[in-house]
Amino acid sequence: MTRATAVRAVLAVAVLLASVFITLTMSPRLGLDLQGGTRIVLQARDTATVEADRETTDRTLEVLRQRIDSLGVSEPTLTRSGEDRIIVELPDVQDPRQAAEVIGRTAQLTFHAVEGEGTDQPEEKTPAPESTTDPESTTEPAPDSGRLTLPDEQGRLLALGEPRLSGAGVEDATAAFDAQGGAGWTVSLEFRKGAGQDWKKLTGEAACHPAGDDRRRVAIVLDEKVISSPQVDPSVGCRAGLPSGATQITGSFSAGEARDLALLIKGGALPVPVEIVEQRTVGPTLGAAAIDASAQAALIGAAATALFITVVYRLFGALAAVALGAYGVISYAALVALGVTLTLPGLAGFVLAIGMAVDANVLVFERAREECADRPTRSLRSALTTGFQKAWSAVADSNATTLIAAGLLFFLGSGPVKGFGVTLAIGVVASMFSALVIARALTEIAANSRFVSDYRGVNGIARPGAVRTWLVRKDPKLFRKSARWLVVSAALVVVAVAGIVVRGVDLGVEFTGGRLVEYSTSRPVDVETARDSIAAAGFGDAEVTTAGDGDLSVRTGKLDNDGEHALRAALAEEGGETTKVRDELIGPSLGDELRRNALIALGVAVAVQLAYLALRFRWTFAVASVVAMVHDVILVVGAFAWLGRPVDGIFLAALLTVIGYSVNDSVVVFDRVRELWGANRRTPLDTIARRAVLQTVPRTVNTGMGALFILAALAVLGGDSLADFALALLIGIVVGTWSSVFTAVPGALALERSAKAPPPAPGKGKGTPRGKARAARRDPLDNGARV
């Protein structure tokens, strides 16, 4: 065993042990679409006096956090998205009506005198007297205001007087660290002109009571919850009060607590109205079923992939299957350790990456087979090492294009689609580690065995595969008339465009706006009966279809939560107990935005892939690859149009993945074209292209089979949630495999006829300086010593 092999083996064992430890001791963070619950996206709106920017949205978020906490929801999550959006996630909440009502209320911030210790039973609210303060004071109490009994910050009940000041009178509230006075973190208050006088009067009355008396306190109440009840400082005299600019709330605040209190006080003063632009509810049974189905698909697909590569590559294929299992453990541990929220598309990405993880191994093994075929007498270890070296360029480029697609999914996707981008990116990195470290260590150790080296039929790479042997024997003249393949591709595009024009694209509710609700009934209900019941309840424009195993899917335009409750009641009259399985509400403005972002994502994907390919290859190869990629996108969209399948955010994730896969295949072919053309500069390009295609077809077929096993399992076992995703990728892989050979290569040949650039230099793209090309062909195990 060489030192490099030992280092790889130790590194592989260390990473695997750490991954197993993380897997056994940490639990994954599930998204709401897997654990069940409600996700609400709020859009902050400008008012006549306040702009909904980052600062005001943060203040609104803190106010909403206090309100959501009052619902008693377990572990709610509130985060700001962008400048003016707030995402609220409520696990296990299946009826979002109460949450939507609480979220939609206008903030009520009031200041009260403390009248003493409260009793166990809250006092009955009494109407407040009419305000006699200056109109600018903004102290008019809310219509339902009165005396309250509320717990303070420590939970002790306080009897509060009538509201003396409303939050509209607060000019500003800031958190600052008082190092000079030694008070630590404080919150300074400033009031508007009239409100400042009311504040001075309120604190002056409280100062008439002795220090330590509850009546010397002033309670600041937000939505009938005491957020602060500070004592008036002993230095303040009776009836003197605190002026507006000199008011400080002190206490044992941390920096975060002081900032939160300032945000709450100021937020109550400057409430920003919010609008629900997206609302999704997923039942717990749907999430559990998705997890079970994905786990089954992963096991069956991975087993089929492992069996396939073992049959094709024998012992080395079996070792690659072991590395594939290690990949699964490592990528899962990375997801858990990084705290990535695992969504349904993310789960699908994790499963899909298992099938794509064999790509690097296939590239290496096929190159090693070529080395053995060219020099039958060379050692197995030498052929394997050369295979890893020569495959590196294609492995790096193909994985880079997939990472670009994953990055676009993360930055340009929305909601759960971002999770797919994250899991796909982690999967790519983990697959490279498993192939270039774990699989290489295992195969190099095996190659050192005399038994494995002597019995060429055992190791799996010492003899050419059946596909390669057949192609070499037939030697088809693929590109003698390359234009005919372009004609076939153009005809396929025409058929796809015809489907888009004639049948139209069925945009999902995510892109059109509206509401889509899926119900499960205890008694079977056919579509016509359900449609009549819903129409009788006043929802005549609702579209009713079947979904899943006897479930009903209802799609409408504008429908609020009360309307959804009435619709469910109408179905219950025919179907008995009716359970909401899934609920998606998308506002029209967000639907337009998501549709626009989807087009931007596709455009950016094309531009970024073109830029990367132009940097790594000749411009003719880059343009041909992008043309093939656009060809694949049109065919997938056209197929969905002809099949009448919905086009939504999950489909967009599949489409961007198809883009990465298509470019991946083209990169492998053009990497071989560049290598062969550089070594044979006088050979016609169409001959070079034919050889390159014939040499890379085994890799393309074997890699595609690995992904097809996984996707077939997802399509059959994944249910409605993942069936369309798997179908789009199945179509994409088939047309991507076709286009990488019969669209990209003929396109490049056509462009090269008018190009003036000379053939590539020998060794270009392989990291080998031109002057050292001869040395690079030396046996990797030859140290150069001679006698």
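Rules used throughout
Residues numbered from 1 in each chain as written. Predicted model: local features only at pLDDT ≥ 70, side-chain atom pairs only at ≥ 80, totals over all residues. Heavy atoms only, no water. Helix = DSSP H or I, 4+ residues; strand = E, 2+ residues; numbered from the N terminus. Buried < 20%, exposed > 50% of the residue type's maximum accessible area, 1.4 Å probe, protein only. Contact = heavy atoms within 4.5 Å. Areas by Shrake-Rupley, 256 points an atom, 1.4 Å probe, with all protein chains shown as cover. Pairing = 2+ DSSP bridges. Axes fitted to C-alpha atoms, helices over the stretch in contact; angles between N-to-C directions. pLDDT = per-residue confidence, 0-100. Polar contact = N/O pair within 3.5 Å; in protein donor to acceptor, adjacent residues only side chain to side chain. Core = buried A, V, L, I, M, F, W, Y, C linked by side-chain atoms within 4.5 Å. Phe/Tyr/Trp six-rings, centres within 6.5 Å; stacked < 30°, edge-to-face > 60°. Expected span 1.5 Å × (residues − 1). Parallel < 35°, antiparallel > 145°, perpendicular 65-115°, else oblique. Left-handed = near helix turned anticlockwise from the far one by under 90°. Nonpolar A, V, L, I, M, F, W, Y, C, P; charged D, E, K, R; others polar. Disulfide = S-S within 2.5 Å. Patch = residues over 30% accessible without salt bridge, like charges linked within 9 Å, V, L, I, M, F, W, Y side chains within 5 Å. Salt bridge = Lys/Arg side-chain N within 4 Å of Asp/Glu carboxyl O.

### Structural notes on the overall build of the protein chain
- Looking only at helices and strands, the protein chain features 25 helices and 20 strands.
- Within the span of the protein chain, comprising 787 residues, buried residues form 52% of the whole.
- Long-range pairs, those at least 24 residues apart, make up 78% of the contacts in the protein chain with a sequence separation of at least 6.
- In the form shown here, the protein chain has an accessible surface area of approximately 34,700 Å², with 58% of it arising from carbon and sulfur atoms.

### Describing the side chain of Asp665
- Within the element layout of this structure, Asp665 appears in helix α21 (residues 649–679).
- Sequence-distant contacts of Asp665, defined by excluding residues within four places in its chain, comprise Arg699, Thr700, Gly736, Thr737 and Ser740.

### Points about the sheet that holds strand β2 (residues 37–44)
- Taken together, 8 strands build an open sheet; the order of strands is β3-β4-β2-β13-β19-β16-β18-β17 and the sheet is antiparallel. Either end of the sheet is taken by a strand with one partner, and the two such strands are β3 (77–81) and β17 (543–547). Ignoring which end each strand starts from, the neighbouring axes of this sheet average 20 degrees apart.
- Here β2 runs beside strand β13 (residues 274–282); their pairing, made up of 8 bridges, is antiparallel. Note on β13: the bridge partner recorded for Arg39 is Arg280.
- Along the sheet, helix α17 (residues 527–536) contacts β17 and β18 (551–556); its crossing angle with β17, the most-contacted strand, is approximately 145 degrees.
- Those strands touched by helix α18 (residues 561–575) are β13, β16 (514–521), β18 and β19 (578–586), and its axis lies near 30 degrees from that of β16.

### Brief notes about the confidence of the model for the protein chain
- Averaged over every residue, the pLDDT of the protein chain is 80; residues scoring 70 or more account for 88%.
- Confidence, expressed as mean pLDDT per element, reaches its minimum in the protein chain at helix α25 (residues 773–776) with 42 and its maximum at helix α15 (residues 483–502) with 94.
- Considering only residues more than four positions removed or in separate chains, one finds that residues 122–145, a stretch of pLDDT under 50, has 43 contacts.
- In the predicted structure, residues 765–777 sits below a pLDDT of 50 and forms 14 contacts with residues beyond four places in sequence or in another chain.

### Description of the side chain of Arg555
- Relative to the elements of secondary structure, Arg555 occurs in strand β18.
- For Arg555, the side chain forms a polar contact with the side chain of Thr512, separated by 2.8 Å.
- In contact with Arg555, other than residues within four places in its own chain, are Asp506, Leu507, Gly508, Val509, Thr512, Arg515, Leu516, Asp541, Ala542 and Glu543.

### A few points about the nonpolar core
- Membership of the largest hydrophobic core comes to 138 residues, with the highest contact counts inside it found for Phe316, Phe479 and Phe670.
- Non-local contacts of Phe670, meaning those with residues more than four positions away in its chain, are made with Phe617, Phe621, Ala624, Ser625, Ala744, Val745 and Ala748.
- Formed by 27 residues, the second largest nonpolar core is a distinct cluster that contains Val63, Ala195, Leu261 and Ile265.

### Thoughts on the pairing of β16
- Of all 8 residues making up β16, 7 are buried, and the element is well covered by its neighbours.
- Bridging between β16 and β18 involves 5 bridges; their strand directions are antiparallel. Along β18, the bridge assignment pairs Tyr519 with Leu552.

### Topic: the packing of aromatic side chains
- Counted according to the given criterion, the structure contains 12 aromatic pairs.
- For the pair Trp485 and Phe742, a centre-to-centre distance of 4.3 Å together with 40 degrees between the ring planes defines the contact as tilted. Note that Trp485 is positioned in helix α15 and Phe742 in helix α23 (residues 719–742), a separation of 257 residues in sequence.
- Look at Trp485 and you get buried, because its relative accessible area is 18%.
- Considering the side-chain rings of Phe640 and Phe651, the 4.7 Å spacing of their centres and the 45 degrees angle between planes classify their relative orientation as tilted. Taken together, the residues span a long stretch of sequence, with Phe640 in helix α20 (residues 619–643) and Phe651 in helix α21 at a distance of 11 residues.

### A few points about helix α1 (residues 3–25)
- The end-to-end C-alpha distance of α1, which contains 23 residues, comes to 33 Å, matching closely the 33 Å that a straight helix rising 1.5 Å per residue would cover.
- Inspection of α1 places Thr5, Arg8, Ala12, Ser19 and Ile22 among the buried residues, and these make up the whole buried set.

### As for the packing of helix α10 (residues 380–412) against α21
- Contact geometry of α10 with α21 gives a least axis separation of 9 Å together with a crossing angle of 160 degrees. With respect to α21, the element α10 is oriented roughly antiparallel. Crossing of α10 over α21 shows right-handed handedness. Here α10 contributes Lys390, Ser393, Ala394, Asp397, Ser398, Thr401, Thr402, Ala405 and Leu409 to the contact with α21, which in turn contributes Leu652, Ala653, Leu656, Thr657, Gly660, Val663, Asn664, Val667, Val668, Asp671, Arg674 and Glu675.
- By residue class, the composition of the contact of α10 with α21 is 9 nonpolar, 7 polar and 5 charged.

### Examining the state of the cysteines
- Scanning all chains against the criterion turns up 1 disulfide.
- Put simply, Cys208 and Cys238 are joined by a disulfide, and their sulfur atoms are 1.8 Å apart. Between Cys208 and Cys238, the S-S dihedral sits near 80 degrees, and the bridge is therefore right-handed. In this pair, Cys208 is assigned in the loop between α5 (193–206) and β10 (218–222) and Cys238 in the loop between β11 (226–228) and β12 (247–253), connecting sequence segments 30 residues apart.
- Judged by its relative accessible area of 31%, Cys208 falls in the partly exposed class.

### Things to note about the pairing of β13
- Pairing between β13 and β19: 5 bridges, direction antiparallel. Paired with Val282 across the two strands is Arg582, which belongs to β19.

### Examining a nonpolar patch on the surface
- A surface patch of nonpolar side chains, amounting to about 470 Å² of accessible area, comprises Val495, Val497, Val501, Val502 and Trp642.
- Top contributing element to the nonpolar patch by residue count: α15, with 4 residues.
- Positionally, Trp642 belongs in helix α20.

### Structural notes on the sheet that holds β10
- With antiparallel pairing, the 5 strands of this open sheet are ordered in space as β6-β7-β5-β10-β11. If you trace the sheet from one side to the other, it starts and ends with β6 (148–151) and β11, each paired once. Across this sheet, the average inter-strand angle for adjacent strands is 50 degrees, counted without regard to direction.
- Pairing of strand β5 (residues 109–117) with strand β7 (residues 157–166), which is carried by 6 bridges, proceeds in the antiparallel orientation. Across the sheet, residue His112 finds its bridge partner in β7, namely Pro163.

### Let's talk about the pattern of salt bridges
- For the structure shown, the criterion picks out 35 salt bridges.
- Between Glu89 and Arg39 there is a salt bridge, with its nearest N and O atoms 3.7 Å apart. A residue pair is termed long-range when its members are at least 10 positions apart, and Glu89 in strand β4 (residues 85–91) and Arg39 in strand β2 qualify at 50 residues.
- Overall, the relative accessible area of 23% leaves Glu89 in the partly exposed class.
- Of the charged contacts in the structure, one is a salt bridge between Glu275 and Arg45, with a shortest N-O distance of 2.8 Å. Of this pair, Glu275 sits in strand β13 while Arg45 is found in the loop between β2 and α3 (54–69), placing the two residues 230 residues apart along the sequence.
- A residue is classified by how much of its surface remains accessible, and Glu275, at 36% relative accessible area, is partly exposed.
- When its relative accessible area of 31% is taken as the criterion, Arg45 is described as partly exposed.
- Overlapping salt bridges bring together Arg39, Glu89, Glu278, Arg280, Glu518, Arg582 and Glu584 as one network.

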